[in-house]
Amino acid sequence: MQPRLRMAFAGTAACIVFAASLNAAAGTTTTIPAAAGTVTLIAGWQIESSTRAPQNGHTISQADFSTKGWYAAGAQSTVMAALLTDGRYTRLFKGDRLRSVNHEHFRVPWWYRAEFQLDGAHGLRTYIRTNGIIPRADLWLNGVEIADRTQIAGAFTVHEIDVTRLVHPGINTLAVEVYPAEPERDLIMGWIDWNPPAPDNNMGLWRGIDVVRSGPVSLHGLRVTSNLALPALDRAALAIKAEVHNDDDAAHSVVVNGETAGVEFHRRLTLKPHETKTVTFNPASDPALELHNPRVWWPAGLGPHPLYKVRLSATVREALSDRAQATFGIRDVRSHLTPQGYRQFVVNGMPLLIRGAGWSPDMFLRVQPKRLAEEFGYVRNLGLNAIRTEGKLERQHFYDLADRNGIMILPGWECCDKWEGWAGTGGAPWDATDMKVARESMTSEARLLRNHPSVIAFLIGSDNAPPTKIAQLYVDALHAADWPDPIVSAASAQKTPAAGPSGLKMAGPYAWVPPNYWYADKHGGAFGFDSEMSAGIDIPTLDSLTKMLSPIALQALWQKPHVKQYHAAPAFSPFSTLKRFDAALAARYGAPRSLEDYVEKAQLANYEATRAQFEAYAAHMDAASPATGLIYWMLNNAWPSLHWHLFNYYLDPAGAYFGAKKANEPVHIQYAYGSGKIIAVNLTRHPLRDLTAQIRVRDLEGRIRYTRRIARITLPADHTHALLQLPNLAHLSPTFFVELALMDADGKLLSRNVYWLSTHPDKLDWKKSTWYITPVSRYADFSALEHLPAATVEISAATRRTGVDDVTTVKIVNPAQSRHVQFFQHLSMRRGKGGPPVLPVTWNGNDVTLWPGESITLTARYRAADLAGAVPTVRLHGVNVARHEFPAPVMQKGVETNQ
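Calculation rules
- Residues numbered from 1 in each chain as written.
- Predicted model: local features only at pLDDT ≥ 70, side-chain atom pairs only at ≥ 80, totals over all residues.
- Heavy atoms only, no water.
- Helix = DSSP H or I, 4+ residues; strand = E, 2+ residues; numbered from the N terminus.
- Rg over C-alpha atoms; globule rule 2.2 N^0.38 Å.
- Contact = heavy atoms within 4.5 Å.
- Areas by Shrake-Rupley, 256 points an atom, 1.4 Å probe, with all protein chains shown as cover.
- Lys, Arg positive; Asp, Glu negative; His and termini not counted.
- Charge placed at Lys NZ, Arg CZ, Asp CG, Glu CD.
- Core = buried A, V, L, I, M, F, W, Y, C linked by side-chain atoms within 4.5 Å.
- Buried < 20%, exposed > 50% of the residue type's maximum accessible area, 1.4 Å probe, protein only.
- Pairing = 2+ DSSP bridges.
- Axes fitted to C-alpha atoms, helices over the stretch in contact; angles between N-to-C directions.
- Arc of directions from axis to C-beta.
- Phe/Tyr/Trp six-rings, centres within 6.5 Å; stacked < 30°, edge-to-face > 60°.
- pLDDT = per-residue confidence, 0-100.
- Disulfide = S-S within 2.5 Å.
- 1 Å grid on protein atoms, 1.4 Å probe; cavity = no way out; pocket = protein on both sides within 12 Å on 5 of 7 lines; lining within 4 Å.
- Points joined across faces, edges and corners; volume = space filled by probe spheres on them.
- Nonpolar A, V, L, I, M, F, W, Y, C, P; charged D, E, K, R; others polar.
- Polar contact = N/O pair within 3.5 Å; in protein donor to acceptor, adjacent residues only side chain to side chain.
- Expected span 1.5 Å × (residues − 1).

The next thing to look at is the overall build of the chain. From N to C terminus, the chain includes eleven helices and 54 strands. Its C-alpha atoms give the chain a radius of gyration of 29 Å, near enough to 29 Å, the size a compact globule of 899 residues would have. Within the chain, counting contacts between residues at least 6 apart in sequence, those at least 24 apart form 71% of the total. As displayed, the chain has an accessible area near 32200 Å², and 52% of this comes from carbon and sulfur atoms. Within the chain, one finds 91 positive and 83 negative side-chain charges whose respective centroids are separated by 4 Å.

Put into structure tokens, the structure is as follows:
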């Protein structure tokens, strides 16, 4: 008998998960509990190429089949991820070693094989749940084929297969034949020009397979929506739904019990054989589900991010038949189009500026919970409130972290491969099979995402809005899943009849532009909502560059900008060389004298361009033609890269990172390129009063040429305030500085910001703009910065232990008797003198500039264990400050301690 297959719900709302660790030992036997309402992730697999395992699925899924010599794979693993973990390949990210992997090894099917121990239990049903397989697979259990590649296809489709009659007490064997993947042919993931493709195109069980057990009646699709009272936020009406399915050949009476927020509710149903009913609990049936003074979920920077749990159980004849649970947040998300036609998101009744960046998972889709938490820590430290996931839709844990950190997620399908094959952008046109996989993909993702308060919309298109029929397919699937949030036609300025105008622009640019670009009223300038935009090249630190590039590539980096860089972009891409960035760098800052000099100047360029991008959008968030959102392209990289990141693959923050962090301060003072206005920005939901601003203009010698102090400033919540426009000053040095400070009513410093400017600013040639760049017809001249006199510096540092972390405090002083500026000083934590950087690390600020008599105190937080027993050491260097390294010993009750 062919087992029955059905669409299923993926995620925590399905049942109580008895999952082995995602990093459990591969190839071990997974024990499946004899309990209704359990979901057990198969803990590990053995994998092998079909060229070395030519047997069929009937044979390989037999208990006595030998896997001697097979590779071990984790619970959720692509083929390449397993081969890397098993040591088949090493150091693939250094130089061009990735080229050495023979792609032909992955143009044939690969086998995944696992055993699970099933405890016998009368009346329990057993299901195999696939959570998404790249790209398609045949499944065999105990010698019987239970599903084939026409049924199990797509990276995101979730299916349950009833195998109750095929399993038995003791060891059961599951074999999965995974077929070769091609992003141009399959609805999976492609990397476009982000990085080279993984040699296996990410084929494999990347989201794993579960064994599900229930009684005669099962629960599916538990979901919660909350109707939050606006603007008071003092009441929330909860609506809880789930499908109750009778899997049996006999009718059953079932009692569904639930609990959330201290409220209990119940319902009795009668189900015919194989009947499904939707059970709904809301204030109409259960008045206590109208919560008073609920704990409201806010995005990062606006308030806390509390979460609730809801639990359901189904009992038949007083015996537990199934359980389900979900986590949710109470919040209200809406969007509308501004009079100019741009999308504005409103959370809990408050319009807000989306300040986000584009997400990239690991190139091999490896499960890395620790790293993922570190990356979310960087997102918070950067002051961002959103992430866009273009087609790289993640596992459950990603969205859980987003919920807990208050980071809004904008998921959607991707461009330039099969997902937009109908647009002629790289993939094959769709057929009926593709329509089926797309529908199932949308349904599965909607079910996975809909309870997460962090998810605020779904983009059904990326570079192109889908054709009418496909757009309607997506929208219908979302509505059928009770999707609670906005549906957006595309990331570009297009529309569909099903979802209307997108309200987004995809204006770029993707290559270097100067800071004043962002203040213009053209292309990617600060108006509307730009879904992809940045100044492109982001040169990592020297520590990172020496890890990723060969000596030849390092030399070309600063001496041969026309040479294609393997770690920039694929050869076909206009971003494969650094010629535009390097030309601008040499023209503005002077030709680099060495690799070290090149990296130093690159940090200046990255800092100023990235800071200006975020600042410009914040400055215009309440303008007549408002800026409503920006997605920096990108947040991170799938592998070590020379462009498109705020933090690099090694989690080593540099100029772009600290420029973005400075711009995204909750309360901020900034200079507007082009207009010369000084603007105060409040990104919080609390008004501020009695603020004081200090504005100084200094020449290259440090002399103050203009100063102004403005008191009694009122700064409304989520608003800006233009303080003044700098006058044109005669006889300034060609390069000069603007130093800004904003203090609260008690004199506490809220924001300090330093700009280096030119009396002849960059001039853009707008008429020659392309989709990825606007050329510069005249560059600003900062070459005088090369000749700043050497500055002295006084430094003190100490470290305190806080739980598992160390916090190092560094005070930098420019002595009053000094005559020179300390320009753009960068600090890093090191593992002992001369040691490697301690990463990840979160600084409260960096890349600082001080004049004589000024000082600043900075802190760095990192894991104490990452010191590996060495004394924490701070390294400081600046444009005109020699490199210093000094110990920052751990202090306990005022006493230094050795590590």
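So, next bit.
This paragraph deals with the nonpolar core. Membership of the largest hydrophobic core comes to 278 residues, with the highest contact counts inside it found for W45 and V176. Top contributing element to this core by residue count: helix 10 (residues 595-619), with 14 residues.

Let us look at the sheet that holds strand 26 (residues 350-351). The sheet built from three strands is open, its strands ordered 24-25-26 with antiparallel pairing. The two strands at the open ends of the sheet, each matched to only one other strand, are strand 24 (333-337) and strand 26.

With that out of the way, let us pick up the pairing of strand 27 (residues 354-358). The element strand 27 is extensively covered by neighbouring structure, given that five of its five residues are classed as buried. Residues I354, G356 and G358 of strand 27 are buried on one face, and the alternating residues R355 and A357, pointing to the opposite face, are buried as well. Here four bridges tie strand 27 to strand 35 (residues 627-632), and the two strands are oriented parallel to one another. Paired with G356 across the two strands is I631, which belongs to strand 35.

By way of backbone hydrogen bonds, the strands of a sheet pair with one another, either parallel or antiparallel. In spatial order, the strands read 49-47-51-52; together these four strands make up an open sheet with antiparallel pairing. Of all the strands in the sheet, just strand 49 (848-850) and strand 52 (881-887) have a single pairing partner and so form its edges. Sheet twist, expressed as the average angle between the axes of neighbouring strands with direction ignored, equals 25 degrees. Inspection of the sheet shows strand 51 (residues 872-878) paired to strand 52 by five bridges, in the antiparallel sense. Directly across from T873, in strand 52, lies its bridge partner P887. Contacting strand 47 (822-831) and strand 51, helix 10 crosses the sheet at an angle of about 110 degrees to strand 47.

Moving on, we come to unusual backbone geometry. Looking along the chain, the bond that leaves G508 and enters P509 is cis, with omega of 0 degrees. Along the polypeptide, P509 turns up in the loop between strand 33 (500-501) and strand 34 (528-533). Between W633 and the following residue, M634, the backbone shows a cis peptide bond with an omega angle of 10 degrees. Along the chain, M634 falls in the loop between strand 35 and helix 11 (655-663). Its identity is not glycine, yet L365 carries a phi of approximately 55 degrees, on the positive side. Along the polypeptide, L365 turns up in the loop between strand 27 and helix 3 (369-382). Taking relative accessible area as the criterion, L365 reaches 2% and is therefore assigned buried.

All of the buried residues along helix 9 (residues 579-589) are F581, D582, A584, L585, R588 and Y589. All buried residues of helix 9 fall inside an arc of 160 degrees around its axis, so they share one side. On its buried face, helix 9 is in contact with helix 8 (551-559), helix 10 and strand 42 (749-758). G590 occupies a position one or two residues after helix 9 and carries a positive phi of about 100 degrees.

Think of a pair of aromatic rings as described by two things: how far the centres are apart, and how the planes are tilted against each other in angle. Summed over the entire model, instances satisfying the criterion amount to 51 aromatic pairs. Note on Y673 and Y755: the rings are 6.0 Å apart at their centroids and 70 degrees apart in plane angle, and the pair reads as edge-to-face. Highlighted residues: Y673 in the loop between strand 36 (667-671) and strand 37 (677-682) and Y755 in strand 42, separated in sequence by 82 residues. Classification of Y673 by relative accessible area gives buried; the value is 9%.

As a further point, take the confidence of the model for the chain. Mean pLDDT for the chain: 95, with 96% of residues reaching 70 or above. Contacts of residues 10-26 to residues separated by more than four positions or lying in other chains number 59 contacts, the stretch itself having pLDDT below 50.

This part is about the state of the cysteines. Among covalent bonds in proteins, the disulfide is the one between the sulfur atoms of two cysteines. Using the criterion set out here, one finds one disulfide in the structure. For C415, the disulfide goes to C416, at an S-S distance of 2.3 Å. One disulfide, between C415 and C416, carries an S-S torsion of -80 degrees and so falls in the left-handed class.

Bringing empty space enclosed by the protein into the picture now. Scanning all chains against the criterion turns up seven cavities of 30 Å³ or more. What the largest cavity holds in volume is close to 100 Å³. As for the largest cavity, its lining consists of 13 residues, of which A511, W512, I537, F575 and T577 are closest to the centre. Counted by class, the lining of the largest cavity contains nine nonpolar, three polar and one charged residues. Reported here for the second largest cavity is a volume of approximately 60 Å³. Around the second largest cavity, the lining comprises 15 residues; the ones closest to its centre are I539, H645, L646, A654 and A656. Looking at the lining of the second largest cavity, the elements that each hand over two or more residues are helix 10 and helix 11. If one sorts the elements of the lining of the second largest cavity by residue count, helix 11 sits on top with three residues. In terms of residue class, the lining of the second largest cavity is made up of eight nonpolar, five polar and two charged.

Along the chain, the position of E608 falls in helix 10. For E608, a relative accessible area of 1% corresponds to the buried category. At a separation of 2.9 Å, a polar atom in the side chain of E608 contacts the side chain of Y589. When neighbours within four sequence positions are excluded, E608 is seen to be in contact with P515, R588, Y589, Y673, W756 and F782.

Below, the discussion takes up the environment of I330. Looking at where I330 falls in the secondary structure, it is placed in the loop between strand 23 (319-328) and strand 24. Expressed as a C-alpha distance, the spacing of I330 and T225, which sit 105 residues apart in the sequence, is 8.0 Å. Residues in contact with I330, not counting those within four places in the same chain, are S226, L228, A236, L238, L291, P294, R295, V296, W297 and Y308.

For the rest of this paragraph, the subject is the pairing of strand 5 (residues 44-49). With six of six residues buried, strand 5 is to be regarded as a mostly interior element. Residues G44, Q46 and E48 line one face of strand 5 and the alternating positions W45, I47 and S49 line the opposite face, and both faces are buried. In this structure, strand 5 lies alongside strand 6 (residues 71-74), joined through four bridges in antiparallel fashion. Residue pairing in the sheet places W45 in a bridge with A73 of strand 6. Examined bridge by bridge, strand 5 and strand 8 (residues 110-118) share four bridges and lie antiparallel to one another. Each residue of the ladder has a partner; that of Q46, found in strand 8, is R113.

Before going further, it helps to spend a moment on helix 5 (residues 432-449). For helix 5, spanning 18 residues, the distance from its first C-alpha to its last is 26 Å, which sits close to the expected 26 Å at 1.5 Å a residue. By the criterion of burial, helix 5 is predominantly enclosed, with 13 of the 18 residues buried. Sitting at the head of helix 5, D431 places a side-chain oxygen 3.0 Å from the backbone nitrogen of T433.

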